[in-house]
Amino acid sequence: METLYHQTNKQIHEVQSHMGNLETTDRQSVHLLENDLQARIDQIFNHLERLEILASKEPPNRRQNAKLRVDQLKYDVQHLQTALRNFQHRRYAREAQEREREELMSRTFTTNDADTSIPIDETLQLNSNLHNAHRGMDDLLGSGSSILNGLRDQRGTLKGTHKKMLDVANMLGLSNTVMRLIERRATQDKFIMIGGMLLTCVFMFLVIKYLG
């Protein structure tokens with residue numbers, strides 16, 4: 001297990017290092033870098049599945065620590081996956097805006113009436129304002145998506161931590177009163193997390209409704 005763990009941890013650090021090149025890579029090559037990063041992330045997820053199996057087979061005195069180490073790797077790679085998807089979303093939106101601008105600039109304007117004129121400058125300004133509004137909405141949606149993903153990750157982490165705390169408590173022989181306090185705190189955290197997710201969803205709905 002140790003060999004695979006260190007190999008997976010090294011791959012995560014390599015992905016983190018290459019993620020910094022996304023913003024500086026030219027347009028013709030950026031999709032190749034994205035594909036390479038996604039392939040590396042997929043391989044890390046495959047390694048994590050294997051590590052989870054190996055951790056469950058560790059001796060009882062080492063099992064909890066092994067599972068915590070695997071959970072930390074999983075948390076790190078999930079954030080890398082979210083960051084890559086957000087970058088791709090922004091790139092797709094930016095490229096779509098550039099295509100629309102080029103189409104508008106290359107369009108031929110004609111009139112049937114000598115007294116009719118097309119305010120091209122105003123049209124371009126309006127188009128620019130619409131693009132800025134769409135870009136702002138895309139950024140908000142991307143941020144909302146990141147928040148939701150982060151909340152889901154935290155919920156999974158809390159659930160795993162809660163179970164591990166109960167297991168440790170059983171091993172240490174803590175009283176039922178302490179056990180109930182731990183369970184009550186976990187339930188409160190769950191409600192707080194659900195409330196945060198609902199508020200984020202409402203915020204995203206209002207953004208789409210009034211800015212869309």
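Residues numbered from 1 in each chain as written. Predicted model: local features only at pLDDT ≥ 70, side-chain atom pairs only at ≥ 80, totals over all residues. Heavy atoms only, no water.

(A) Spatial organisation of the overall build of the chain. Counting its regular elements, the chain contains five helices and zero strands. In sequence order, the chain lays out its α and β elements as α-α-α-α-α. Per-residue burial over the chain gives 27% buried out of 212 residues. Considering only contacts within the chain whose residues lie at least 6 apart along the sequence, 74% involve residues at least 24 apart. With an accessible surface of roughly 14400 Å², the chain has 55% of that area assigned to carbon and sulfur atoms. (Helix = DSSP H or I, 4+ residues; strand = E, 2+ residues; numbered from the N terminus. Buried < 20%, exposed > 50% of the residue type's maximum accessible area, 1.4 Å probe, protein only. Contact = heavy atoms within 4.5 Å. Areas by Shrake-Rupley, 256 points an atom, 1.4 Å probe, with all protein chains shown as cover.)

(B) Quick look at the pattern of salt bridges. Scanning all chains against the criterion turns up eight salt bridges. The salt bridge involving Glu58 is made with Arg62; its shortest N-O contact spans 3.1 Å. What makes Glu58 buried here is its relative accessible area of 13%. In this structure Arg62 comes out as partly exposed when scored by relative accessible area, which is 43%. Across the pair Glu95 and Arg91 runs a salt bridge whose closest N-O atoms are separated by 2.9 Å. With Glu95 and Arg91 both in helix H3 (residues 60–106) and four residues apart, the pair spans about one turn of that helix. On the basis of relative accessible area, Glu95 is assigned to the buried category, the value being 19%. A cluster of three or more residues bridged by salt bridges with shared partners is formed by Glu14, Asp36 and Arg40. (Salt bridge = Lys/Arg side-chain N within 4 Å of Asp/Glu carboxyl O.)

(C) Molecular detail of the nonpolar core. Formed by 22 residues in total, the largest nonpolar core has its most connected members in Val15, Met19, Leu22, Leu37, Leu48 and Leu51. The set of elements that each furnish at least two residues to this core consists of helix H1 (2–19), helix H2 (27–56) and H3. It is H2 that contributes the most residues to this core, nine residues altogether. Residues within four places of Leu22 in sequence aside, it is in contact with Val30, Leu33, Glu34, Leu37, Leu84 and Phe87. (Core = buried A, V, L, I, M, F, W, Y, C linked by side-chain atoms within 4.5 Å.)

(D) Quick look at the packing of aromatic side chains. Evaluation of the coordinates by the stated rule reveals zero aromatic pairs. Its guanidinium or amino end placed over the ring of Tyr5, Arg69 lies 4.0 Å from that ring's centre, counting from NZ or CZ. (Phe/Tyr/Trp six-rings, centres within 6.5 Å; stacked < 30°, edge-to-face > 60°. Lys NZ or Arg CZ within 6 Å of the ring centre and 35° of its normal.)

(E) Spatial organisation of the confidence of the model for the chain. Put simply, the chain has an average pLDDT of 76, and 62% of its residues get 70 or more. Across the chain, the element-wise mean pLDDT spans from 63 in helix H4 (residues 120–172) up to 90 in H2. (pLDDT = per-residue confidence, 0-100.)

(F) Representation of the packing of H2 against H3. Put simply, H2 and H3 touch, their axes get as near as 10 Å, and they point 160° apart. Between H2 and H3, the angle is such that the two are roughly antiparallel. In the crossing of H2 with H3, the sense of the turn from one axis to the other is left-handed. Residues of the contact of H2 with H3, tallied by class, amount to 15 nonpolar, six polar and nine charged. (Axes fitted to C-alpha atoms, helices over the stretch in contact; angles between N-to-C directions. Parallel < 35°, antiparallel > 145°, perpendicular 65-115°, else oblique. Left-handed = near helix turned anticlockwise from the far one by under 90°. Nonpolar A, V, L, I, M, F, W, Y, C, P; charged D, E, K, R; others polar.)

(G) Main features of a nonpolar patch on the surface. On the surface, a nonpolar cluster with roughly 310 Å² of combined accessible area is contributed by Phe191, Ile194 and Leu198. Mapped onto the elements of the fold, Leu198 is located in helix H5 (residues 176–211). (Patch = residues over 30% accessible without salt bridge, like charges linked within 9 Å, V, L, I, M, F, W, Y side chains within 5 Å.)

(H) Structural context of the side chain of Arg91. Its relative accessible area of 9% is what places Arg91 among the buried residues. Aside from chain neighbours lying at most four places away, what touches Arg91 is Val30, His31 and Glu34.

(I) H2, seen in detail. Its 30 residues give H2 an end-to-end C-alpha distance of 44 Å, which sits within 8% of 44 Å, the value for a rise of 1.5 Å per residue. The set of residues buried in H2 consists of Val30, Leu33, Glu34, Leu37, Ile41, Ile44, His47, Leu48, Leu51, Leu54 and Ala55. Buried positions along H2 lie against H1 and H3. Where H2 starts, the residue carrying a side-chain oxygen 3.2 Å from the main-chain nitrogen of Gln28 turns out to be Asp26. (Expected span 1.5 Å × (residues − 1). Polar contact = N/O pair within 3.5 Å; in protein donor to acceptor, adjacent residues only side chain to side chain.)

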